[in-house]
Amino acid sequence: MRKNMSLLGKILFTNRCILCGDVIELDDEFCEECKNPPVISLPICESCGCSKEDCCCKKHKNEYKAIAAPFYYEDKITASVNRLKEQDMPQLADYLGECIADTVSKSFNDVKFDYITFVPLGELKKMRRGYNQAELLARAVAKINSIEISEILYKRRYTKTLHKSNSGINRKTLVFGAFDVYEESKKDIFGKTILLIDDVKTTGATLNECAKMMKIYGAEAVYCATAAITKGRDK
């Protein structure tokens, strides 16, 4: 009888992996690959966020002091981030935020952060999507690591979708002057150490632009953390 019910359940219902969306057994939450996704191994290059054994960056000067992420932007993690951003699955921010929080604790264990903030979305894109995935990730990290969250940045103008621009120089041009600090936040961030959260780091152009603006208004240091990093991508 139990076998028959199990067979009936498989016929009537499709259970999918919480992260990547692949079909799995009814009593599972994750597919085998997503149960233990490969993580970026320590030590990392603080300039690009990759494991030092994978690093091929040229150590360009960044506006942010260091960056870390739990995963490379590949395979099932790519599917997970895209589901969070494009397939109306904000609940994935809880899992990915937990992974970011753990990475922050390990990689920046000697840093005392005054605030966590996030890369802002344009109002039109946020309205269409219904949420800013970077904000959801930041709120999850703030809650887990007991750090105050503050909405420090806003987007001043529309920018084209960055993943369609493969050149690091083009990306820098696209985001130049695209962000600014809220007037009420300018005095609050002076002399403060801030953790900036986004979903994916490719060349670092967006993170650099955001960090630059916060430093212009007196932030002492800006660190970055993302859910994933594109491996072997130089600016």
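Further up the page is the structure itself.
Residues numbered from 1 in each chain as written. Predicted model: local features only at pLDDT ≥ 70, side-chain atom pairs only at ≥ 80, totals over all residues. Heavy atoms only, no water.

Draft legend 1. Here's a closer look at the packing of helix α4 (residues 92-107) against helix α6 (residues 133-145). At their nearest, the axes of α4 and α6 sit 8 Å apart, and the two run at 55° to each other. Accordingly, the angle class assigned to the pair α4 and α6 is oblique. In the packing of α4 onto α6, the handedness of the crossing is right-handed. Taking contact as the criterion, the partners of A93, L96, G97, E98, I100, A101, V104 and S105 in α4 are, on α6, L136, L137, A140, V141, I144 and N145. Residue composition of the contact of α4 with α6, grouped by class: 10 nonpolar, 3 polar and 1 charged. (Axes fitted to C-alpha atoms, helices over the stretch in contact; angles between N-to-C directions. Helix = DSSP H or I, 4+ residues; strand = E, 2+ residues; numbered from the N terminus. Parallel < 35°, antiparallel > 145°, perpendicular 65-115°, else oblique. Left-handed = near helix turned anticlockwise from the far one by under 90°. Contact = heavy atoms within 4.5 Å. Nonpolar A, V, L, I, M, F, W, Y, C, P; charged D, E, K, R; others polar.)

Draft legend 2. View of the nonpolar core. By size, the foremost hydrophobic cluster in this structure holds 72 residues, and its most contacted members are F108, L195, L196, I197 and M214. The dominant element in this core, judged by the number of residues it contributes, is strand β9 (residues 221-229), at 8 residues. Among all residues touching I197, those that are not within four sequence positions of it are I100, I116, T117, F118, V119, A134, L137, A138, V141 and A225. (Core = buried A, V, L, I, M, F, W, Y, C linked by side-chain atoms within 4.5 Å. Buried < 20%, exposed > 50% of the residue type's maximum accessible area, 1.4 Å probe, protein only.)

Draft legend 3. How the structure looks around the pattern of salt bridges. The tally for this structure, following the rule as stated, stands at 11 salt bridges. As a salt-bridge pair, D199 and K85 come within 3.3 Å of each other at their nearest N and O atoms. In this pair, D199 sits in strand β8 (residues 193-201) while K85 sits in helix α3 (residues 75-86), placing the two residues 114 residues apart along the sequence. Note that K106 is salt-bridged to D102, the shortest N-O span being 3.1 Å. Placement of the pair is K106 and D102 together in helix α4, with a separation of 4 residues, close to one helical turn. Accessibility expressed as a relative area gives 40% for D102, which makes it partly exposed. One continuous salt-bridge network, built from bridges that share partners, spans D22, E33 and K76. (Salt bridge = Lys/Arg side-chain N within 4 Å of Asp/Glu carboxyl O.)

Draft legend 4. Expanded view of α4. Its 16 residues give α4 an end-to-end C-alpha distance of 23 Å, which sits within 8% of 22 Å, the value for a rise of 1.5 Å per residue. The complete set of buried residues in α4 reads L92, A93, L96, G97, C99, I100, A101, T103, V104 and S107. Residues of α4 that are buried make contact with β3 (66-68), β4 (71-72), α3, α6, β8 and β9. (Expected span 1.5 Å × (residues − 1).)

Draft legend 5. Here's a closer look at α6. Taking 1.5 Å of rise per residue, 13 residues should cover 18 Å, and α6 covers 18 Å from first to last C-alpha, within 8% of that figure. Every buried residue belonging to α6 is among Q133, A134, E135, L137, A138, A140, V141 and A142, and all of these are buried. Check the buried side of α6 and you find it contacts α3, α4, β5 (115-118), α5 (123-129) and β8. Near the N-terminus of α6, the side chain that reaches the backbone nitrogen of A134, with its oxygen 2.9 Å away, is that of N132. (Polar contact = N/O pair within 3.5 Å; in protein donor to acceptor, adjacent residues only side chain to side chain.)

Draft legend 6. Examining the packing of aromatic side chains more closely. Inspection of the entire model under this criterion finds 5 aromatic pairs. Each ring, one from F108 and one from F113, has its centre 6.1 Å from the other, and the planes form 75°; the classification is edge-to-face. For the pair Y154 and Y182, a centre-to-centre distance of 4.9 Å together with 35° between the ring planes defines the contact as tilted. Placement of the pair is Y154 in strand β6 (residues 153-155) and Y182 in the loop between β7 (179-181) and α8 (183-186), with a sequence separation of 28 residues. Of the aromatic side chains, those joined through ring pairs into one cluster are F108, F113 and Y223. (Phe/Tyr/Trp six-rings, centres within 6.5 Å; stacked < 30°, edge-to-face > 60°.)

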